[in-house]
Amino acid sequence: MKKKTVLFLILASLIVLYAGTLAYAESPQASANRAINEAQDSIYSAYKSVAQADQAGGDVSNLVDQLNTAISLLEDAKDSYEQEDYSTANEKAVEAKNIAVTVEKNADDLRARANFTRSLQMIVIPIIVVLAVIFGFIFLKRGWKWLERKADEEFLEMEVVVPEEEEE
Amino acid sequence: MPKRRTEENLIFIAVAVSTMIVVSMLLYTSVTGPPRESFSVISILGPSGKAADYPTDVKVGETIDMYILVENHENRVEYYVVRFKLGDVNTVISDNQPATLSTRKTYQQILDDKEAWQFPLEVSINEKGDDHRLIFELWRYNENIGDIEYTGNWVQVWLDVG
């Protein structure tokens, strides 16, 4: 009797454990759907970083190409999902997400570099302008003085010419 | 003589200041450039890829041979989404309000500034009838709101499906 009770309890535990696993396990359809949503979110997030890098003055053309590849993969994943090929849909969506995550990281790096270059320009350009103004001013002043001296010399070299009177 | 010098110095300062103002303005213009208008474009092209020879009659289930062209002139990178909707004479759509119809197909692409994107439609209609209205709305992702928004640009083609 005791043996039977123990056996029953073990069996019942196994059934409960199996049912629990089934309940929590994701179906291929749900898994593909989740992967597609995650890929779309990652692409939006990566685009946000790319747009920021673009506004910071970075060259984003390469990142745009990569992100468009991710979009294309996502579209393929959606098509596969509609055709109930959940395994392919999941695979393509995961690939799209991975590309988007890489693009986001690279875009963040590019934005940081572009911001640094811009900051440098903000410091260097005013210095160049100020120096150019100072040198320009000195150059103009010297040029002006040279013109003045030349005018004075010409004035001093002037001779009074008196026309000779004709003899009558 | 001192009066002449003062006068000449004043002229010099006036010339120097004017020159600096002109140079600064030229520098500013060359660095910033003239202000540019920003806009997006969506258009439908015929089977030859030109804005001509649009089909007016198709058969049920037949793939419609046309292209959509999207151009980015927003002076920045843009994430565009084209939504295809099937309407009729009663469908209401405007530059402020998209059509309240379900989206049949979505196309999306990120475009660099001044970049264009042309793609084939690859759609077919399975409902017989006259005056089918193929509507293509241009949306874009707005990173500030974290969602796509209607740009107010849309195009359409009227089709009889037999």
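My aim in this report is to walk through the structure given alongside it, one point at a time. Nothing here was measured: the structure is a model prediction, and the numbers come from that model.

1. With respect to the sheet that holds strand 5 (residues 105–111) of chain B
Residue and element names in this part refer to chain B.
So, point 1. Here we have 5 strands laid out as an open sheet, ordered 2-8-7-4-5, and mixed in their pairing. Two strands in the sheet have a free side with no partner beyond their single neighbour: strand 2 (57–58) and strand 5.
So, point 2. Pairing of strand 2 with strand 8 (residues 147–161) involves 2 bridges; the strand directions are parallel. What sits directly across from Val58, in strand 8, is Val161.

2. A word on the interface of chain A and chain B
So, point 1. On the chain B side, the residues contacting the 19 residues of chain A number 14 residues.
So, point 2. Where the side of chain A that touches chain B is concerned, the elements lending two or more residues are helix 2 (28–55), helix 3 (61–82) and helix 4 (86–156) of chain A.
So, point 3. Among the elements that make up the side of chain A that touches chain B, the one with the highest residue count is helix 2 of chain A (7 residues).
So, point 4. Among the residues making up the side of chain A that touches chain B, the classes are represented as 12 nonpolar, 4 polar and 3 charged.

3. Brief notes about the nonpolar core
So, point 1. Core analysis: the biggest nonpolar cluster contains 43 residues, and Ile43, Val50, Leu67, Ala70, Leu74 and Ala96 of chain A have the highest contact counts within it.
So, point 2. Only helix 2, helix 3 and helix 4 of chain A together with strand 4 (78–87), strand 5, strand 7 (129–142) and strand 8 of chain B provide two or more residues apiece to this core.
So, point 3. Broken down by element, this core gets its largest block of residues, 10 residues, from helix 2 of chain A.
So, point 4. Look past the residues within four positions of Ile43 of chain A in its chain and what remains in contact with it is Leu67, Ala70, Ile71, Leu74, Ala96 and Ala100 of chain A.

4. Overview of unusual backbone geometry
All names here are of chain B.
So, point 1. In this model, Lys114 sits at a positive phi of 70°, which is unusual for a non-glycine residue.
So, point 2. Inspection of the secondary structure puts Lys114 in the loop between strand 5 and strand 6 (116–120).
So, point 3. Lys114 sits in the exposed class, given 10 other C-beta atoms within 10 Å.
So, point 4. Despite not being glycine, Asp131 shows a phi value in the positive range, around 55°.
So, point 5. According to the C-beta neighbour criterion, Asp131 is exposed, with 12 such atoms within 10 Å.

5. Side note on the pairing of strand 3 (residues 67–73) of chain B
All names here are of chain B.
So, point 1. Summarising the sheet, strand 1 (residues 39–45) and strand 3 pair through 7 bridges and their orientation is antiparallel. Within strand 3, the residue paired with Ser40 across the bridge is Asn72.
So, point 2. Bridge count between strand 3 and strand 6: 5 bridges; the pairing is antiparallel. Of the residues in strand 6, the one forming a bridge with Ile68 is Phe119.

Conventions and cut-offs
- Residues numbered from 1 in each chain as written.
- Chains lettered and ligands numbered in written order.
- Predicted model: local features only at pLDDT ≥ 70, side-chain atom pairs only at ≥ 80, totals over all residues.
- Pairing = 2+ DSSP bridges.
- Helix = DSSP H or I, 4+ residues; strand = E, 2+ residues; numbered from the N terminus.
- Contact = placed C-beta atoms within 7 Å.
- Nonpolar A, V, L, I, M, F, W, Y, C, P; charged D, E, K, R; others polar.
- Core = buried A, V, L, I, M, F, W, Y, C linked by C-beta atoms within 7 Å.
- Buried ≥ 20, exposed ≤ 12 C-beta atoms within 10 Å, placed from the backbone.

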